[in-house]
Amino acid sequence: MSLILTKKLGYTTLFTKLLLGFLAVILLLAAFNLVSFFYLKRQIHQEIVKYNELSINHAVEGYEDHFRLTREMVLGLNQNSLWATHINLLRHARVNKAYGYVNDVIAEMKQLYTNPFLYIDNLIIDFRSDAYVIEKDGTSSAKAMFGTYYISPSYPPEFWDRQFDESYAYRVFPAAAFTENTAGHTVSKGILMPMIIKMMPYRDMYFIVMIDAQKLTQDLHVSISDQFYILNADGQPLYQTSADINSGLVTSFDPGHSYMQTKDYYYFYKKGAGTGFTYVSRVPVQSISGQLLNLNLILLSLLAIVGVLIVLTFLFSRRMHQPIRLIVDELKGYETDAGSGTDNEPVREIELITRKMHHMRISHQSISRDLARKNSMLRHYAYTNKLKNIHMNLKEIQELTDTSLPYVVVVYQVLFKDAFEHYQQKTGKGSYYLRVYVDNVWRQAFPDAVTIQTEPHQILTLLFLPDPEADLTPYMQRLLQVFSVDRDSYLVTMAHGAVQPAGADFTAAYEQVQERLKLRRLVDETQWIRPDVPDGGARGERYLKAMWEQEFQTRLMSGSEEGMQEWVRRSLDQLEKKQAVASDYRQFAKDVSGELDKALRQLPAAASADAGGRPPLEETRRFYCRAQYERWFADLLHPVLQGIRRKTEEHDPITSFVTEYMCTHLDEDINLDMMADKLNITSGYLSTYFKEKTGVNFSDYLNDLRIRTAKELLQNLDLRIQDVAARVGYRNVNSFIRMFKRHAGITPGEYRRKYAS
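Residues numbered from 1 in each chain as written. Predicted model: local features only at pLDDT ≥ 70, side-chain atom pairs only at ≥ 80, totals over all residues. Heavy atoms only, no water.

Trainee: Could you give an account of the pairing of strand β7 (residues 205-212), naming the residues involved and the relevant values?
Mentor: Within β7, eight of the eight residues are buried, leaving the element largely enclosed by the surrounding structure. Across seven bridges, strand β1 (residues 120-127) lies against β7 in antiparallel orientation. Residue pairing in the sheet places L123 in a bridge with V209 of β7. Relative to β7, strand β6 (residues 185-197) runs antiparallel, the two being bridged by six bridges. Bridge pairing links I197 to F207 in β7. (Buried < 20%, exposed > 50% of the residue type's maximum accessible area, 1.4 Å probe, protein only. Helix = DSSP H or I, 4+ residues; strand = E, 2+ residues; numbered from the N terminus. Pairing = 2+ DSSP bridges.)

As C-alpha cells, this is what we get:
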C-alpha cells in the first residue's frame, strides 16, 4: 500500500508512513471496540439477570428469616415462667382479678415491638374469655380494638373471632390497609401484614403480630424495579406493590429456573423453604432492553466517528507533509554543507530531524543553565542590596529586581542544636541546604520567587504574587511539616508579613517581618508566626519589679541555693502564665544578670572573686525550652551563692549567737533591740555589724528564716495555718499570710495545695 500511495499521489515516504500509521491505529481501535461491543452486550444482559436473581434471593432469605425469627421470639416469651403464670391468670382476668399483671406482660412484650429490626407496628394478645385484648398501649375490648383502632374491610371483628376456632399454630395473612377512627377522625396505620401465632395448648388466646409490610419491603427488596409480590401456596398475594399481577401465574413458574420472560415482563421468583411462599420481582422488558438499545446507539456513533477520523487523518497527514518536507530539505542542505553527506544519499527524515533536535536541545540546555546561574547570582545580589538599602549604580542590576508585582516577605530564622554537630556539618552549610529546599518549594508555585541567605542563620524569600489573594497556607504548612521532622537537629521559626503593593519599600517590609520573628515562643518545635498572631502580650516588660528585686537581694545574700532556685522557678512560672515569648525570657535573664552585677559590687572582694566563670548572656539566644534557662540560672548563681555562704560561715561570735538564737527561739517575739540587750551592745551597732557580716538586714534575714521554716511546716498536713504561723513567731495569722505572700508570691494555703505531698 505504501508503494501504491507513493506512485499514485507522489508523496514522500514520510507522508505514507504517517497516513498508514494513523489508519492502522484507527482500524485497530475500531475493531477492538466492535468486539468489545458485542461481547459487552451479551455480558450486560447476563449481569442484569444475575443482579435480579441475587436480589430476589436476598429478599427471600430476609423474609424467611424474619418470619421465623418473629415467630420464635413471640413463642420465646412463654419460656419465662413468671410471664406464663401472668398469662394464665389473664386468660380469665375478670374471675382471677388479674388486671394488675397487664403492665408486667406489656413490659415483656416491649422488647419485641420496640426492636426496630422486627418492623412490628403492634403486638396484640386476644383473649376469648373476657373478649378483651392486651397491646402495647394497654388493654381494650376486642370490639374496640378491631372496630376502632385497627379497622380494615379485609379484617372485620368477626374475622378475629373466627380464628379461635381455626386449627393452626402459625399463619401469615395478606397485607391490608388499616386505619384508626376515633372521634370521627380517621388516621392511617399503613399497610400491615397480620401474623397470628397460637401458643399451644391455649385455644382461648392467640398472638397477633402487626408487621409493617412497606418498611419491611424497603429494607429487604433491592432491585431496579419496585414491583414485588409475595404469593401463598394457592397463588394468592400476601403482599403486592401493584394489583395487576395474574393470580394464577404461580402455577406457570418452572421450579427448575429462577426467572421467566413474557411479552412485557421478566418474572424473577423463588419459593421460601420455611413458609412455602413464592416471592416474585417483576421487571419490565423495556427497562432491560432500553439499556441494550443505548449500546446500539453507541455502536452507530462509533462507526460514524471512525469514518470522520479516516477523513481527518488524510487531511491532517497532507497538511503536515509540506512543512516537514521544507524542514527536511533545509536540514539536508545543512548536512551537505557540513560535509556529512551528499545530495544523492537517501536521508531518513525522522532520523535527521531527531539528530538535529537532540543537538539543539543539548546546546540550549547548556546555555540556559549557564545564564540561569549567572542571572540567579545577580538577582540575589540585587535583592540583598535592596533589602539592606544599599545604593546600586548599575542600571542592569537594578532592572533584575522585579517591582511590578505585589509581594510578600517570608523570613526563616534557623536555630541549630548541639545534635547538629553529630552530622559533622557546619551550620553555614546547613543553612545553605535549607535555602535550596525552600527555594524549590516556592518556585513550584511562584516561578518568580527569590530565596536568599541574608545572615548565617537567616533565610529570606520574596514571593511575587500575580494574584494578591493567593493562599500561602498550604506551602507554609508543608515547610512546617518538613522542618519538624529534623527538629532534633535544628529549629526553624517562620514568619511573613502582609501582601505589599507593587513598588513598596523592601527594607520596611523586611524589618516588619524581623519584628514578628521576636514573637517566637520558648518551645522545642518548629514555629510559624502566623499573620493573625497579635504583636502584644508582655513584650518589652521588665520582669524584675521592685518587690522582686528586694526578694532577689534577700535570697541572694542568704546564700541559700534552694531559696534562689525556688525564686527562679516562680519567676519562670509567671512568664509562662503570661504566655511570654522567647525574647521575654531573654530580657528576664538580662535583668537578673544586671541585678547580680549590682549585688556583686556591694560584696567584699573575696566573695566577688568567687563569682568568676559565669555563663555569658549571649547563650540564651540559642535557648528553646525552659529547662535550658533553669540550668543557665543555676550556673549563673551557684558560684556567687557559694562565695556568700563561705563568707557567712566564717566564725563570728556575734552573728553566730544571733542566728543560732533565731533558729532556736523562732516562735518568740524576736527584734533587734532584744538581741542588742542580750549582747550588751546598741541596736544601731548590731544592725550595722550584722549587715556587714551577712550582707542582709537583720529583719530581712529573720523574715526569710521564718518563711523558709513555714514552708517546711506546711508540708505537715496535720498542722493548721494558724499553728504554722504561731511556730514561726507570728501571733496574727493575717500578718503571717501577708508576709508569706510577699516572699513566696502565693498564700500559705495555695502553697500547701501546690507543693504539699
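Further notes follow.
Trainee: For unusual backbone geometry, give the residues involved together with the corresponding values.
Mentor: Non-glycine residue Y119 carries a positive phi angle of around 50°. For Y119, the location among the structural elements is in the loop between α5 (102-113) and β1. One non-glycine residue, Q579, lies in positive phi territory at about 55°. Inspection of the secondary structure assignment puts Q579 in the loop between α16 (561-577) and α17 (582-602). Judged by relative accessible area, Q579 falls into the exposed class, the value being 70%.

Trainee: So what about the environment of V209? Which residues, and what values?
Mentor: Tracing the chain through its elements places V209 in strand β7. The exposure class of V209 is buried, given its relative accessible area of 0%. Along the chain, V209 and V74 lie 135 residues apart, while their C-alpha atoms are 8.8 Å from each other. Setting aside residues no more than four positions away along its own chain, V209 makes contact with T70, V74, I120, N122, L123, M193, P194, M195 and I197. (Contact = heavy atoms within 4.5 Å.)

Trainee: Provide a residue-level description of the environment of Q514, including the pertinent values.
Mentor: With respect to the helices, strands and loops of the structure, Q514 is situated in helix α14 (residues 506-517). Separated by 103 residues in sequence, Q514 and V411 place their C-alpha atoms 7.4 Å apart.

Trainee: Talk me through the packing of aromatic side chains; I want residue IDs and the actual numbers.
Mentor: Counted under the stated rule, the structure contains 40 aromatic pairs. Between the aromatic rings of F159 and F173, the centroid separation amounts to 5.3 Å while the plane-to-plane angle is 90°, which identifies the pairing as edge-to-face. You can see F159 sitting in helix α7 (residues 157-162) and its partner F173 sitting in the loop between β4 (170-172) and β5 (176-182), a full 14 residues away along the chain. There is no split in this pair, since F159 and F173 are both buried. Between Y629 and F633, the aromatic rings sit 6.5 Å apart at their centres with planes inclined by 35°, giving tilted as the arrangement. One end of the pair, Y629, and the other, F633, are both in helix α19 (residues 626-649), four residues apart, so they sit about a helical turn from each other. Exposure remark for Y629: the relative accessible area of 1% places this residue in the buried category. We classify F633 as buried; its relative accessible area is 2%. By way of ring pairs, the aromatic residues F146, Y150, Y155, F159, W160, Y168, F173 and F178 are connected into one cluster. (Phe/Tyr/Trp six-rings, centres within 6.5 Å; stacked < 30°, edge-to-face > 60°.)

Trainee: Could you give an account of the sheet that holds strand β13 (residues 407-416), with specific residues and numbers?
Mentor: The strands making up a sheet associate through hydrogen bonds between their backbones, and the pairing can be parallel or antiparallel. Ordered in space as β14-β15-β13-β16-β17, the five strands form an open sheet in which the pairing is mixed. Looking at which strands have only one partner, the edges of the open sheet turn out to be β14 (450-455) and β17 (527-529). The sheet shows a mean angle of 20° between the axes of neighbouring strands, taken without regard to direction. Sitting on the sheet, helix α13 (residues 473-485) is in contact with β13, β16 (490-496) and β17, with an inclination near 165° to β16. (Axes fitted to C-alpha atoms, helices over the stretch in contact; angles between N-to-C directions.)

Trainee: Now, about the pattern of salt bridges: what can you tell me, with residues and values included?
Mentor: Scanning all chains against the criterion turns up 18 salt bridges. Across the pair R521 and E525 runs a salt bridge whose closest N-O atoms are separated by 3.4 Å. The class for R521 is partly exposed, based on a relative accessible area of 41%. Of the residues examined, E525 reaches a relative accessible area of 33% and is grouped as partly exposed. A salt bridge links D573 to K754; the nearest nitrogen and oxygen atoms lie 3.7 Å apart. With D573 in helix α16 and K754 in helix α26 (residues 748-755), this residue pair connects regions lying 181 residues apart in the sequence. The exposure class assigned to K754 is exposed, which follows from its relative accessible area of 51%. Each of D573, E576, R626, E630 and K754 takes part in one network of salt bridges that share partners. (Salt bridge = Lys/Arg side-chain N within 4 Å of Asp/Glu carboxyl O.)

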